[in-house]
Amino acid sequence: MHHLIVDNVAKTYGETRALKGVSLAVEKGELFGLIGPDGAGKTTLLRSICTLLVPDSGSITVAGLDISRDVPAIRAILGYMPQRFSLYQDLSVAQNLRFFADLFQVPKHERPERLARLYHFSRLEPFKSRLAGNLSGGMKQKLALSCALIHTPEILVLDEPTFGVDPVSRQEFWEILHQIRAGGTTIVVSTAYMDEADQCDRIALFFEGEIAAMGSPAAVKGAFPYRVYRLSGTALQDLKTFLEGQPEVRGIQLFGDALHVSFSEKPSPETWREWARRGGFPGLRWEEISPSIEDVFLAHMAGETA
Amino acid sequence: MNEIAVQTQNLTRRFGKFTAVDRLTITVSRGEIFGFLGANGAGKTTAIRMLCGLLLPSEGEATVAGFDVYKSSEAIKKNIGYMSQRFSLYDDLTISENIDFFGGVYGLSPALIEERKEALIEQVGLGDFRKRLTRDLPLGFKQRLALGSAMLHDPPIIFLDEPTSGVDPRARREFWSIINELAAAGKTVFVTTHFMDEAEYCHRVSIMRAGKLIALDSPGKLKESYGRNNMQDVFVALVNDEDPRPEEQL
Amino acid sequence: MNPRRVAAISAKEFIHIIRDPRTLLIIFIMPVLLLMMFGYAFNLEIQDVRVAVIDDDNSALSRQLIERFEGSPFFTVFHYQGSREDLETLFLERDARAILSIPENFAATLIGKHPAGIQVIIDATDPNAATSINNYCRQIVTDFNAGLSGGAAMPFTLESNIWYNPEMRSAPFFVPGILALLLIMISALLTSITITREKESGTLEQILVSPIRPGEIIIGKVLPYILIAFLDGSMILILGVTVFKVPFVGSLFLLALLMALFVLTALSLGLILSTIASTQQVAMMLAFVLTLLPTLLLSGFIFPLASMPLPLQLISTIVPAKYFLVIVRGILLKGNTIAELLVQVLWLAGMSVVLLTISWRKFSTNLER
């Protein structure tokens, strides 16, 4: 059952075409990721889903409700966490939660149980009376998430929730999202960090207002047309220059102490030995690695996949 | 090639009773891309600020480009470039005006600014856009332009603060090819970030926790010795480790 | 001091100003708006005040008195026909702002050489206007008395001589005030905002890692605002002299010189604020409370300082606009020379030196506090 259906949605701001006909469908209880750089149109789409923006054309339905007709009904079942920290910095953690509970008219008798649950996974209970402005980046994000969950929404929309948060807090945040999803909530989340794609059930690669690829992270990576190798153990700059002249090579990226090279087809052991000899790279080591989402993204940008 | 660009010995900075940076000892060579990783509040910003001459250390020694951080902060400032993701260029200035400004702030002569401006605009590929406001530029261009502006005075050392977060992959790779070329030409590049995909591009990375250095090696070696596939996992393992390995082992 | 670095900062600042519609609005529209507001709306000159007359005497003398009121440009007189009980509705419905009541035996008493009382009731919801109305009424009655006794019988007459602004027009009074207000606004408010804005956006840190010195940042930032403040000051003065006919008897050069001094004082105030405040919002609040309000209320611009309680008078001694107002009014209306304004000049100069020293000390090119 599709919980969220986006059908051919377009939106233009002045000269900028933020969304150029985007279609996607999210299952109930799915963790769906919109992956793409800043300015790709992720925020515009998420705001449209949350009934904050009206698309120029196309339609969006959330739990069978149309975003242009059933605004109050959608808002009642949807939790939204905007990109920028949008809580009241001068209210305490508990006061922020209470405010949102009042806003969504959460019945008084249900509050203790819900708060206990939110405090449990966010681990914010010890900081209840601390002002939101004095929380660390990771804690702020968890508080914002808790506020978005106070009315137990069916669908949760998060716009770059891990932006600017340190790696440990990011990891923790994703674990919380997995817990929420396990409870049956549908989650749509956007991120500019390609390496977070693996955390999602399915992803859509977003670029310049369009979806470049969609599917499970493994399927999206599987569609990558080339073989990627990690080369190390020798003068990398020289190796890079040498390989740039080889016809099989589709792309080279220098990563500190290694070179990531994609080939149109898997080089044979003879080819490797031939290169090591001809280029004079005696210590050359190579291993095949799985392409990263970033590799896939680049291939799509260059139009190298169908 | 193996000259020392930055060297610190037990560099420490305290704010009141809080020790932000605790006996940091590192040596960074000329031409190296050196990553500075750490959770929020781990002390990396404080460490970088000391190296940039913005904060005085409480204890310990540090030299940047051969100059002492206590005595020669003016000389250090002439020898470093600084670029951050948070702020890079003035949005309401045109590309040309931004370059003029940075050249002026570093006291370059108008003729020299003009010459380097042309070279930079050429290099970034912004010839037709020089009179456009910077806010209208795509992020990737902005990033490269910011880097160029921060290096107008041709410093041997450059500090990058989360330089490519949010940039599209192509722009990011172009950016890092420039960084690699700079390093190959002998510039020393310091990168502070908490995005592990940026850490992958460094020659060596250092990881800080609670003001202390807890790991220092190449990304490849770190992944190997901790048995993880990516730097994100290495980082989480290291920082969550309640019992850090003794310092001799680092 | 490296002139190139100062020039780089100033040039950039100019571009910011030119590109920001809000700043331009404050700089160019605000002076005109303020002049219009004070010139046309906030008018202390009273005209055509409606006076209801109840003439119970209805004699030749009483009519003569009423004619005097009718002859005055300040009053528009009409006869009240309604009942005594409803008299208050005149004020409640704003039909009249004063009521002149002449008792039945007014003429008879006067002719009998006894003092005769008439009553004036004034609506004092606007106390300033009420005072003026009261004064005009007294003047008319005094003149009328003088006419009656043929001049000789009066023991003395009071003749007021008003100097420097004989027609008591408001323009010569409010133009210097607006001048002070605007110079403060541009110098203190805009300067403090421009520095805190860079703190907020993180751009200041980017500049601080360059070899620039604190003095270079301060001078570079302040130069454009000195120029703009001057431009605005000149604009107000020109409008004041041409449109609002403010007399200008003193030295233009001296006024320009002392305006520069005042701008310097205001700028150093702005600099201090910017070293204290970390966000634009805080800077704006501080600038409003610490510079704009005192300039408006405690400088003698609108309310005379002499009639204020001692604590407020003491506070007013550190309000720069207080001295500047004396200077501007003195030069414009009296043709004062530097010798006569020495006290004010010394106060302003002293304040500038103290404020600049403090902000110089506090503004360092690193992040140590």
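Cut-off values and rules
- Within every chain, residues take consecutive numbers counted from 1 along the sequence as written.
- Whichever chain is written first becomes A and whichever ligand is written first becomes 1, with later ones labelled in order.
- In keeping with the model being predicted, local features are shown solely for residues with a pLDDT of at least 70 and side-chain atom pairs are shown and tallied solely at 80 or more, while totals for entire chains, interfaces and linings include all residues.
- Water and hydrogen atoms were dropped before computing side-chain values, which therefore reflect all heavy atoms in the structure.
- Strands here mean DSSP runs of E at least two residues long; helices mean DSSP runs of H or I at least four residues long; both are numbered from the N terminus.
- Any N or O atom pair separated by 3.5 Å or less is treated as a polar contact, with the protein-specific requirement of one donor-capable and one acceptor-capable atom, and with residues adjacent in sequence counted only for side-chain atom pairs.
- In what follows, residue pairs with any heavy atoms lying within 4.5 Å of each other are defined as contacts.
- For salt bridges, the criterion is a side-chain nitrogen of Lys or Arg within 4 Å of an Asp or Glu carboxyl oxygen.
- Exposure categories follow from relative accessible area, calculated using a 1.4 Å probe and restricted to protein chains: below 20% of the type maximum is buried, above 50% is exposed, and the middle band is partly exposed.
- Two parts placed together each lose some accessible area under a 1.4 Å probe, and the buried area is that loss summed for both.
- Each residue is assigned to one of three groups, with Ala, Val, Leu, Ile, Met, Phe, Trp, Tyr, Cys and Pro labelled nonpolar, Asp, Glu, Lys and Arg labelled charged, and all others, Gly among them, labelled polar.

J.: How would you sum up the side chain of C:N336? Please name residues and give values.
T.: Residues and elements named next belong to chain C. Mapped onto the elements, N336 comes out in the loop between helix 13 (320-334) and helix 14 (342-362). Polar side-chain contacts of N336 include one of 3.1 Å to the side chain of E340. Discounting chain neighbours no more than four positions away, the residues touching N336 are L254, G330, I331 and L341.

J.: Break down the pattern of salt bridges for me, citing the residues and quoting the values.
T.: All names here are of chain B. Evaluated as defined, the whole model comprises 44 salt bridges over all chains. A salt bridge links E32 to R204, with the nearest nitrogen and oxygen atoms 2.5 Å apart. A residue pair is termed long-range when its members are at least 10 positions apart, and E32 in the loop between strand 2 (18-29) and strand 3 (33-38) and R204 in strand 9 (residues 204-209) qualify at 172 residues. For R204, a relative accessible area of 23% gives the class partly exposed. With a closest N to O distance of 2.7 Å, D154 and K187 form a salt bridge. Within this pair, whereas D154 is found in the loop between helix 5 (139-150) and strand 7 (157-161), its partner K187 is found in the loop between helix 6 (169-184) and strand 8 (188-193), the two being separated by 33 residues in sequence.

J.: Describe the interface of chain B and chain A, listing the residues and the values that go with them.
T.: Of the residues lining the interface, 31 residues belong to chain B; the matching set on chain A comes to 28 residues. For the pair chain B and chain A, the two sides together bury roughly 2,600 Å², of which 55% comes from carbon and sulfur. On the chain B side of the contact with chain A, B:P169, B:R170 and B:R173 bury the most area, a combined 24% of that side's loss. Counting across the chain B and chain A interface gives three salt bridges. Seen at the junction of chain B and chain A, the total is seven residue pairs in polar contact (both at pLDDT 80 or more). A per-element tally of the side of chain B that touches chain A places helix 6 of chain B first, with seven residues.

J.: Give a detailed account of the interface of chain C and chain B, specifying residues and quantitative values.
T.: Facing the 27 residues of chain C at the interface are 32 residues of chain B. A combined buried area of about 2,700 Å² lies between chain C and chain B, and 57% of that area is made up of carbon and sulfur atoms. C:R213 is the partner of B:E74 in a salt bridge, and the nearest nitrogen-oxygen pair spans 4.0 Å. Residue contributions to the side of chain C that touches chain B peak at eight residues, all from helix 1 (residues 3-19) of chain C. Grouping the amino acids of the side of chain C that touches chain B by side-chain chemistry returns nine nonpolar, nine polar and nine charged.

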